[in-house]
Protein chains: 2
Amino acid sequence: MAQKPSIPKGTRDFNPEQVAKRNYIFNTIRGTFETFGFQPIETPSFENSETLMGKYGDEGDRLIFKILNSGDYLSKVNYEIDNFSDFSKQIGTFIQSLCGELDEIIGFKLRSQVELIPLYKNLLEDFEIRNIYNMIKVNEFFRINGFETNTAMLRYVIDNFENDLLYKSFNAIRTRDEISDVATKILGKPVYNYTVNQDFLKEIYKIGLLNILDLSQLSDQISEKALRYDLTVPFARYVVQHQNEIEFPFKRYQIQPVWRADRPQKGRFREFYQCDADVVGSKSLWQEVEFIQLYDTVFSTLKLEGVTIKINNRKILSGIAEVIGASDKLIDFTVALDKLDKIGEEKVKEEMLSKGISEEGISKLQPLFTLTGSFESQIESLKGILSTSEEGKKGIEELAFINEAISELGLKTATLQLDVTLARGLNYYTGAIFEVAAPKTVQMGSIGGGGRYDDLTSIFGKPDTSGVGISFGLDRIYLVLEELGLFPETVNKNVEVLFINFGDKEALFCLKAIKELRLAGINTELYPDKATNSKQIRKQMDHANKRNIQFVVIAGDEEIASNTYTLKNMISGEQFKVSLSELVDHLK
Amino acid sequence: MAQKPSIPKGTRDFNPEQVAKRNYIFNTIRGTFETFGFQPIETPSFENSETLMGKYGDEGDRLIFKILNSGDYLSKVNYEIDNFSDFSKQIGTFIQSLCGELDEIIGFKLRSQVELIPLYKNLLEDFEIRNIYNMIKVNEFFRINGFETNTAMLRYVIDNFENDLLYKSFNAIRTRDEISDVATKILGKPVYNYTVNQDFLKEIYKIGLLNILDLSQLSDQISEKALRYDLTVPFARYVVQHQNEIEFPFKRYQIQPVWRADRPQKGRFREFYQCDADVVGSKSLWQEVEFIQLYDTVFSTLKLEGVTIKINNRKILSGIAEVIGASDKLIDFTVALDKLDKIGEEKVKEEMLSKGISEEGISKLQPLFTLTGSFESQIESLKGILSTSEEGKKGIEELAFINEAISELGLKTATLQLDVTLARGLNYYTGAIFEVAAPKTVQMGSIGGGGRYDDLTSIFGKPDTSGVGISFGLDRIYLVLEELGLFPETVNKNVEVLFINFGDKEALFCLKAIKELRLAGINTELYPDKATNSKQIRKQMDHANKRNIQFVVIAGDEEIASNTYTLKNMISGEQFKVSLSELVDHLK
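Here's what I pulled together on the structure shown here.

Procedures and definitions
Residues numbered from 1 in each chain as written. Chains lettered and ligands numbered in written order. Predicted model: local features only at pLDDT ≥ 70, side-chain atom pairs only at ≥ 80, totals over all residues. Heavy atoms only, no water. Axes fitted to C-alpha atoms, helices over the stretch in contact; angles between N-to-C directions. Helix = DSSP H or I, 4+ residues; strand = E, 2+ residues; numbered from the N terminus. Left-handed = near helix turned anticlockwise from the far one by under 90°. Contact = heavy atoms within 4.5 Å. Nonpolar A, V, L, I, M, F, W, Y, C, P; charged D, E, K, R; others polar. Buried < 20%, exposed > 50% of the residue type's maximum accessible area, 1.4 Å probe, protein only. Pairing = 2+ DSSP bridges. Phe/Tyr/Trp six-rings, centres within 6.5 Å; stacked < 30°, edge-to-face > 60°. Lys NZ or Arg CZ within 6 Å of the ring centre and 35° of its normal. Lys, Arg positive; Asp, Glu negative; His and termini not counted. Salt bridge = Lys/Arg side-chain N within 4 Å of Asp/Glu carboxyl O.

Details of the packing of helix H1 (residues 16–35) of chain B against helix H13 (residues 286–301) of chain B
Residues and elements named next belong to chain B. Relative to each other, H1 and H13 sit at 145 degrees, their axes nearing to 10 Å. Regarding H1 and H13, the two cross each other, and that crossing is right-handed. Taking contact as the criterion, the partners of Tyr24, Thr28, Ile29, Thr32 and Phe33 in H1 are, on H13, Leu294, Thr297, Val298 and Thr301. Residue composition of the contact of H1 with H13, by class: five nonpolar, four polar and no charged.

Remarks on the pairing of strand S9 (residues 432–437) of chain A
All names here are of chain A. Most of S9 sits inside the fold, with six of its six residues counted as buried. Because side chains alternate across S9, one face comprises the buried residues Ala432, Phe434 and Val436, and the other comprises Ile433, Glu435 and Ala437, equally buried. With six bridges connecting them, strand S7 (residues 308–313) and S9 associate as antiparallel partners. Bridging across to S9, Asn313 finds its partner in Ala432.

Concerning the sheet that holds strand S11 (residues 467–472) of chain A
Residues and elements named next belong to chain A. Read across the sheet, eight strands follow the order S1-S5-S6-S11-S10-S9-S7-S8 without closing on themselves; strand pairing throughout is mixed. Both edges of this open sheet fall to strand S1 (39–40) and strand S8 (415–418), since each of them pairs with a single strand only. Along the sheet, helix H20 (residues 390–409) makes contact with S7 and S8, crossing S7 at roughly 150 degrees.

A look at the packing of aromatic side chains
One pass over the structure, following the stated rule, counts 34 aromatic pairs over all chains. With centroids separated by 5.9 Å and ring planes inclined at 65 degrees, the aromatic side chains of Tyr24 of chain A and Phe487 of chain A adopt a geometry described as edge-to-face. Here Tyr24 of chain A is found in helix H1 (residues 16–35), whereas its partner Phe487 of chain A is found in the loop between helix H21 (474–484) and strand S12 (497–499), with 463 residues between them in sequence. With a relative accessible area of 11%, Phe487 of chain A lands in the buried category. Here Tyr238 of chain A and Phe250 of chain A contribute two aromatic rings whose centre-to-centre distance is 6.4 Å and whose plane-to-plane angle is 10 degrees, an arrangement assigned as stacked. Taken together, the residues span a long stretch of sequence, with Tyr238 of chain A in helix H12 (residues 232–241) and Phe250 of chain A in strand S5 (residues 250–259) at a distance of twelve residues. We classify Tyr238 of chain A as buried; its relative accessible area is 3%. Put simply, the rings of Phe33, Phe38, Tyr253, Phe291, Tyr295, Phe299 and Phe472 of chain A touch in pairs and so form one group of aromatic residues. The lysine or arginine in question, Arg22 of chain B, covers the ring of Phe14 of chain B, its NZ or CZ lying 3.8 Å from the ring centre.

Re the sheet that holds strand S1 (residues 39–40) of chain B
All names here are of chain B. Taken in spatial order, the eight strands of this open sheet run S1-S5-S6-S11-S10-S9-S7-S8, and their pairing is mixed. Whereas interior strands pair on both sides, the edge strands pair on one side only; in this sheet they are S1 and strand S8 (415–418). Pairing analysis gives five bridges linking strand S9 (residues 432–437) to strand S10 (residues 446–453), with the strands arranged antiparallel. Residue pairing for S10: Ile433 is matched across the bridge by Gly451.

As for the side chain of Lys66 of chain B
Summarising the element assignment, Lys66 of chain B is placed in strand S3 (residues 66–68). Note on Lys66 of chain B: relative accessible area 19%, which makes it buried. The residues contacting Lys66 of chain B, other than those within four sequence positions of it, are Lys66, Ile67 and Leu68 of chain A together with Met53, Asp61, Ser219, Ser223, Lys225 and Ala226 of chain B.

Observations regarding the environment of Phe375 of chain B
Residues and elements named next belong to chain B. Its place among the elements puts Phe375 in helix H19 (residues 375–385). Through-space distance from the C-alpha of Phe375 to that of Lys393 is 16 Å; in sequence the pair is 18 residues apart. Phe375 has contacts with Ile311, Leu399, Asn403, Leu416, Gln417 and Leu418, leaving out every residue within four places of it along the chain.

Section: the side chain of Lys310 of chain B
Residues and elements named next belong to chain B. Take Lys310: it is sitting in strand S7 (residues 308–313). Despite being buried, Lys310 has no salt bridge partner; Asp419 is the closest side chain of opposite charge, sitting 4.1 Å away. When neighbours within four sequence positions are excluded, Lys310 is seen to be in contact with Gln417, Asp419, Leu422, Ile433, Phe434, Glu435 and Ala437.

Focus: the pattern of salt bridges
If you walk through the whole model with that rule in mind, you get 46 salt bridges over all chains. A salt bridge links Arg22 of chain A to Asp475 of chain A; the nearest nitrogen and oxygen atoms lie 3.4 Å apart. Of the two residues, Arg22 of chain A is situated in helix H1 and Asp475 of chain A in helix H21; the sequence distance between them amounts to 453 residues. For Arg22 of chain A, a relative accessible area of 3% puts it in the buried group. A salt bridge links Lys505 of chain B to Asp557 of chain B; the nearest nitrogen and oxygen atoms lie 2.8 Å apart. Here Lys505 of chain B, found in helix H22 (residues 504–519), pairs with Asp557 of chain B, found in helix H24 (residues 557–562); they are 52 residues apart in sequence, far enough to count as distant. A single salt-bridge network, built from bridges that share partners, covers Arg12, Arg22 and Asp475 of chain A.

Now the structure itself:
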């Protein structure tokens, strides 16, 4: 049965040229990582869910791809009430009490709790509530409106429902005439004559699926593994798990794919590579210095000149927040400051005001808005602004140290720039924050970033292990190199020579030469099918042209007799007879 | 909150040494693939489920890792009865009819279908039935036993159930006294006084989860993507999807991980790499010849000498089956023949007999059991055995062609061997079948395999595209190289030189040299933290030793003053002062 083939959204196939170009970038980064003393590790594509969940915030957790347990996974779901969500437990208790209430109110003996589930569901839908927190709100609503008991809650439901779900359910439960009387009594109006046995079944199933377990609980029970979301958390896990085998400080690099259930868009994929280098086990600022050199080396080697390596320090941001009396609003403050480039000074101030930062505080920021010029002059300005903050002064000291070292050592083609608006994953970083911007001639977001984090491994039980690391954004670097035409022409290790196949005798003669050429490291190919007429010969020649293979070798009776090969340059059109050793020499 | 870190079973972390060794194998294979004219492609880690499912047999399908849809996946589950499984629809109909029957039998007005679900469930459990097919069997059971109506089915259930599930359910539904009377009447014995409101809820939920949708249907609705199981099916999908961009014959290689939910065991993992090379779009046997050369080249380059490349042909197996009158038992026949090495001639014959292959047929196999000696002499024997089978003779012709070409071209270190018992994925292959055995000195299964398949891409709508390919078993090759000590000593691109850090001034002086060394491609590192006493200096020296870094550079006041560096060989203990350029020369 033929299927129209496609791939999942946000994923990509790579053809030989793309693989070659990507490998060119990977190899440049890998080579530089290694000369800088980093060593490779690899971790599994999927980790235990508990390793990943809760490490990336709610938004990140939502984007983690979960792997369904293999085998008969539903049979392993735990149905014990104790393991149900609070919400479900609450439903049970609530329904029980409602049963009693109903008896009192309408003098009608309910047969089962289950008959009340739809009633309750209706209540929930009226309030658009799906969880225990909203249920509390409902209770509050009743309290505020002067209702004090479950009786009141129930009356409210009975008086107000308009949704025919309840009619359906009641009809479904009671397929006999009596239901009409009872329902009419409850509702004060005639019930629909609705035959919804199947609908009722559906409702029960839906309740079963949607309400017994909340989604995250069900997911936990049918999925225990997840595709890695980044390389940092698996690295932290690795460091803790293997701490007894690792000699610290540990400099590792890791180039592997990660997966995110993000909405795909231009330049954002659901599967993409990260290229990370990190050092753990030392607080030395020389590492920040070396990472700047590393960025400079990689981009210079890629001939991508003119990148800007932006640097900031968490302590600077904390210091500023402290100075303006907004230490408790550090996130709000940095989020607003981060927008300076985009929305301008006035809007940033407005946003800060709206977040409760005082006019007085904001006025102290004034020098920040006009902070330009050299690294050194910015440092001087910051000294003024941060004179009263110990943490801020520490940040300045760190930045100055790094800048002086870099000035001494020099950068090849990159520029180091202080950017006090740079925040990135602020909650994560505790010291230096890095971001690399592509040359200004290209429209592109950051092509790299990183920073220092003082306590990553403590989530896995190893506290006090400072780390600092950087990452390269492969896909964006690829786009930049493509746009600027910076991929070397030789990047695609194409086949260099194709042997035309005239028949079995000739093919065998060719394969003797092909064997020697391959031994000499020359990518060589025999056209697999034999050409028995000139049209087929032309087809083989065309094959070489279509695949941009520069040389073709022709060997027929004449060549076999003279033990030579005719080498044809497909670009110049030249061709000449050569011996096997001349052939190898020529193509080498 | 500290978690004890671990990784999912069947997966692995790779430390720097392991990564280096694996890359050594990968690079050797990759380099050889390229000199043989193969070009790399890469496909996404996960494919749409429909691309993978149904391609690997039931057993394979079961081992495919499915990815849970992201977001609120349960809300997208389709609850329409029309989309329920046949089983669920059948439940609905069946329950409706049972309702009527019950009324007649016990004169009891059932309130709802739902009250019968547990009854029905009980019936199902008695018969260990879970699907519509088994339900048909139940009906058959009744028919055979002389019951002809649903009344009879119901009586059977009522008379026979012992499972307290039903008691519970009835109790749960009818929480009032009347249930006792009714239930006692139905059951002919007193019901338990069971207060199981919550239990009832649980049962409903369980029914909802387990019975509305059968497992595969639910999986289809909550999972639409799956991790690739091999590289062949994604390659077939790639070829069809990109057929207009591809110039055929298409020679591609692919080195990527695959995932299988196999039971992990020694040498078998849930995540592992496959290294595949395939040609599609040509039936030329020269490709078989080249693949044998390729195996020989890779293993010779890895210094793994003495591997045996076994070859067989599907047409030989079909021919033999034809000759012995067992064409319809090709699989049984080859499965038995495949065991010749393990269980011996007599047992193989017994197995064939037990599978219904005739004595006469088996007697014709006699020459096969003693088939030894050179490729050529085996070919001669086969000619005798297969003289009446056109297909068999075609197979012989193909094998002879390949063998003659290889004899002419020669192999470096491998041996080509005809093995008529070789079957591998028989249903898959249509011509040549390959398997590579490690040298006899090592206990290891096959380290590679492949074959020709004539119609792989037709499942994706592109028929008549012949392909042939081989694969390398990375993990087993790794184990073999490890066991035989064949990894080169230089495989691990370790850091070559560590600079001792005496303080900021010295570190800066060192970094000037480090920059030059790295430029020269020498893996170089500065110890990040400064040593302020001799104990700390010793610690830095120890760090070099523990990491097998051969050289250490020491640069203190004296060296700075004379603009030199002291280079110490950690193995010989020698040390001497050198200038920067001498340092680079020495380490280069």
